[in-house]
Amino acid sequence: MAKSFNFGEAPGHQIRRAHQLSIALFMDETAGFDVTPVQFAILNALMDDPGEDQVTLAGRVAFDAATSGSVIGRLEAKGWVRREADPSDKRRKLLWVTPEGEEVAQQMKRAVSKVQTRLMEPLSAAERKQFGALIGKLIAGHEDMA
């Protein structure tokens, strides 16, 4: 009988498991905020670049542009993001973080920082640096696919 594929050693499987751990830690540390990692990333990106268009924003946070509309809609429903049509192109939507959204994102910074610390805890300082360099290189090597 043929042996099954060894998922335990497959990089894709390990990355998926690491992602699951990251999400679980995020949800644990940010439980009181009712925010997903993508929502947090969007709020932060908009604080850096207010008035950015929806498609550009999706690219900046590495999220599917088609799906980002529903995520932004949830943030808008919470009163944390304001969305308006671009006066020069009504099909293009421009986005801003509301004062309430900025306050929530600011309050979450400590919790999100703790997530990163907890996620990397099993690694030594040198391993953390090496991991960051390697995962960055892996992502950069596939940027044309995203």
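Look up: the structure comes first, before these words.
What counts as what
- Residues numbered from 1 in each chain as written.
- Predicted model: local features only at pLDDT ≥ 70, side-chain atom pairs only at ≥ 80, totals over all residues.
- Heavy atoms only, no water.
- Core = buried A, V, L, I, M, F, W, Y, C linked by side-chain atoms within 4.5 Å.
- Buried < 20%, exposed > 50% of the residue type's maximum accessible area, 1.4 Å probe, protein only.
- Helix = DSSP H or I, 4+ residues; strand = E, 2+ residues; numbered from the N terminus.
- Contact = heavy atoms within 4.5 Å.
- Axes fitted to C-alpha atoms, helices over the stretch in contact; angles between N-to-C directions.
- Left-handed = near helix turned anticlockwise from the far one by under 90°.
- Nonpolar A, V, L, I, M, F, W, Y, C, P; charged D, E, K, R; others polar.
- Pairing = 2+ DSSP bridges.

Residues Ile-42, Leu-43, Leu-46, Leu-57, Val-81 and Met-108 are the most contacted members of the largest nonpolar core, which totals 21 residues. For this core, the elements supplying multiple residues, two or more each, are helix H1 (11-29), helix H2 (37-48), helix H4 (65-77), strand E3 (89-97) and helix H5 (99-120). Look past the residues within four positions of Ile-42 in its chain and what remains in contact with it is Leu-57, Val-61, Val-71, Ile-72 and Leu-75.

A separate point is the packing of H1 against H5. Close contact between H1 and H5 brings their axes to 9 Å; oriented N to C, the two are set at 145°. As H1 packs across H5, the resulting crossing turns out to be right-handed. In this structure, H1 contributes Ala-18, Leu-21, Ser-22, Leu-25, Phe-26, Asp-28 and Glu-29 to the contact, and H5 contributes Met-108, Ala-111, Val-112, Lys-114, Val-115, Arg-118 and Leu-119. Its residues assigned to classes, the contact of H1 with H5 comprises nine nonpolar, one polar and four charged.

Next up on the list: the side chain of Glu-29. Mapped onto the elements of the fold, Glu-29 is located in helix H1. Apart from the residues lying within four places of it in its own chain, the contact partners of Glu-29 are Ala-111, Lys-114, Val-115 and Arg-118.

Next up on the list: the sheet that holds strand E2 (residues 81-86). Read across the sheet, three strands follow the order E1-E3-E2 without closing on themselves; strand pairing throughout is antiparallel. A single partner strand is all that each edge strand has here, and the edge strands are strand E1 (52-53) and E2. Pairing analysis gives six bridges linking E2 to E3, with the strands arranged antiparallel. Looking at the pairing, Val-81 lines up with Val-97 of E3. Its contacts with the sheet put H4 on E2 and E3, and the angle it makes with E2 is roughly 125°.

For the pair H2 and H5, the least separation of the axes is 10 Å and the interaxial angle reads 115°. Two packed elements cross with a definite hand, and for H2 against H5 that hand is left-handed. Residues Phe-40, Leu-43, Asn-44 and Met-47 of H2 form the contact with H5, whose own contacting residues are Gly-101, Glu-102, Ala-105, Gln-106, Met-108, Lys-109 and Val-112.

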